[in-house]
Amino acid sequence: MKKTLLLVAVLAILLAGAFIIYNGTQKSMDQLEKRDKIDLDNKKENVAIKPSSDKETAIPEQSAPLSPGNSDNTDKQDSEKGDYENFYVYDNEDNKIYLSSLVNTGKPVIINYWTTWCGYCKMEMPDFNEAYHQYKDKVEFMMINICGGGNDNIDSAKAYIEEEGYDFPVYYDSDLNALSTYYTDGFPTTIVIDSNGNVVYAKSGALSKAGLESIIDQII
């Protein structure tokens, strides 16, 4: 009888200890989950831009890096300031447009790679269109449809832009010259060049409205 009572007492102590440990562990996990959610929300809204004096491309945490290629586009002279790599795309009239022509206006340039099959691209486009209307006198916008290599086509891109009523400047990378210059394996991708011609931001993934506004505030 005494052995039975002793076993029951030991079992009760073990169960109580296990319950205390479980509650403590669960509470710690809940706190970590809450902290991680706050950190993630903060990262979504706060976009860091590297100073223009820093020559490295700014790649924020959890972003896919862009790899500058070897540009053979010769209209950027060696005497030009800035570390950006030049490329060309085509406008709606099939004219070849070089990035340097926009950089040379003295305004910062916001470049956005997008495709018609990219849902996240479509999610952020209304914010880019609104930003274009608000800042077009201070910032050059290049909304570049990556349509070379059979991934997309110009007709579909033009039809989508017309259907949605967007009027920001749209360009077409049908030769994949832009993509080969600043390669990314994810869409959408945003690249920012400041008024000194330096690449100060490069990240794949959709931008929130607050994130886009944060970038613009830091470059104008």
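Preceding this paragraph is the structure being described.
Parameters and conventions
Throughout, a residue's number is its position along its own chain's written sequence, starting from 1. Only residues with pLDDT of 70 or above have their local features reported here, since the model is predicted, and side-chain atom pairs are shown and tallied only from 80 upward, although totals for entire chains, interfaces and linings are computed over all residues. By convention in this description, side-chain values take in all heavy atoms of the structure and omit both hydrogens and water. Note on aromatic contacts: the rings of Phe and Tyr and the six-membered ring of Trp form a pair at centre separations within 6.5 Å, being stacked when their planes are under 30 degrees apart, edge-to-face when over 60 apart, and tilted otherwise. Only DSSP runs of H or I with at least four residues qualify as helices, and only runs of E with at least two residues qualify as strands; both kinds are numbered from the N terminus onward. Note on classification: 1.4 Å probe, protein chains only; a residue is buried when its accessible area is under 20% of the maximum for its type, exposed when over 50%, partly exposed between these limits. Put simply, a disulfide is two cysteine sulfurs that come within 2.5 Å. By nonpolar core we mean a set of buried residues, namely Ala, Val, Leu, Ile, Met, Phe, Trp, Tyr and Cys, connected to one another through side-chain atoms within 4.5 Å. Note on contacts: a residue pair is in contact if any heavy atoms of the two residues lie within 4.5 Å. Inter-axis angles, ranging from 0 to 180 degrees, are taken between N-to-C directions of lines fitted to C-alpha atoms, where helices are fitted over the stretch in contact. Any angle that falls under 35 degrees is termed roughly parallel, while one over 145 is termed roughly antiparallel, one within 65 to 115 roughly perpendicular, and all others oblique. Take the far helix as the reference: if the near one is turned anticlockwise from it by less than a right angle, the crossing is left-handed, and if turned clockwise, right-handed. For this classification, the nonpolar set comprises Ala, Val, Leu, Ile, Met, Phe, Trp, Tyr, Cys and Pro, the charged set comprises Asp, Glu, Lys and Arg, and every other residue, Gly included, is treated as polar.

J.: Please clarify how the packing of aromatic side chains should be interpreted in this entry.
T.: Note on aromatic pairs: each is described by the distance of the centres and the angle between the planes. Under the counting rule described, the total for this entry stands at eight aromatic pairs. Taking 5.9 Å as the distance between ring centres and 90 degrees as the angle between the ring planes, the aromatic pair formed by Trp 117 and Phe 187 counts as edge-to-face. Pair noted here: Trp 117 is in the loop between β4 (109-114) and α3 (119-135) and Phe 187 is in the loop between β7 (182-183) and β8 (189-193), with a separation of 70 residues, a long-range link. Judged by relative accessible area, which is 22%, Phe 187 ranks as partly exposed. Here the aromatic rings of Tyr 132 and Phe 141 are separated by 5.9 Å at their centres, their planes lie at 90 degrees, and the arrangement is edge-to-face.

J.: Where do I start with the state of the cysteines in this structure?
T.: Formally, a disulfide is one covalent bond, and it connects the sulfur atom of one cysteine to the sulfur atom of another. What the rule picks out here adds up to one disulfide. The side chain of Cys 118 participates in a disulfide bridge whose partner is Cys 121; the two sulfur atoms lie 2.4 Å from each other. Because the sign of the S-S torsion sets the handedness, a value of about 85 degrees for the bond joining Cys 118 and Cys 121 places this disulfide among the right-handed ones. Residue classification places Cys 121 among the buried residues on the basis of a relative accessible area of 1%.

J.: When you look at the nonpolar core in this model, what are you seeing that I'm missing?
T.: Within the largest apolar cluster, 28 residues are counted, with the highest numbers of intra-cluster contacts made by Ile 110, Trp 114, Phe 128, Phe 141, Phe 168 and Ile 216. Only β4, α3, β5 (140-145), α4 (154-164), β6 (170-172), β9 (199-204) and α6 (209-219) provide two or more residues apiece to this core. The leading source of residues in this core is α3, at six residues. When neighbours within four sequence positions are excluded, Ile 110 is seen to be in contact with Phe 128, Val 139, Glu 140, Phe 141, Met 142, Thr 190, Ile 191, Val 192, Ile 216 and Ile 219. Ranked by size, the runner-up nonpolar core spans 20 residues in total, among them Tyr 84, Leu 99, Leu 102 and Met 142.

J.: Would you take a moment to explain the packing of α3 against α6 for this structure?
T.: In helix packing, the relevant descriptors are the interaxial angle and the interaxial distance, both defined with respect to the helix axes. Here α3 crosses α6 at 30 degrees, and the two axes come no closer than 10 Å. Comparing their axes, α6 and α3 come out roughly parallel. Both α3 and α6 take part in a crossing whose hand is right-handed. Here α3 contributes Asp 127, Phe 128, Glu 130, Ala 131 and Tyr 135 to the contact with α6, which in turn contributes Lys 209, Leu 212, Ile 216 and Asp 217. Looking at side-chain class alone, the contact of α3 with α6 contains five nonpolar, no polar and four charged residues.

J.: Would you take a moment to explain the environment of Ile 111 for this structure?
T.: Topologically, Ile 111 is positioned in strand β4. Accessibility expressed as a relative area gives 0% for Ile 111, which makes it buried. Residues Ile 111 and Thr 190, spaced 79 residues apart in sequence, show a C-alpha to C-alpha distance of 5.6 Å.

Just distances and angles here, no functional claims.
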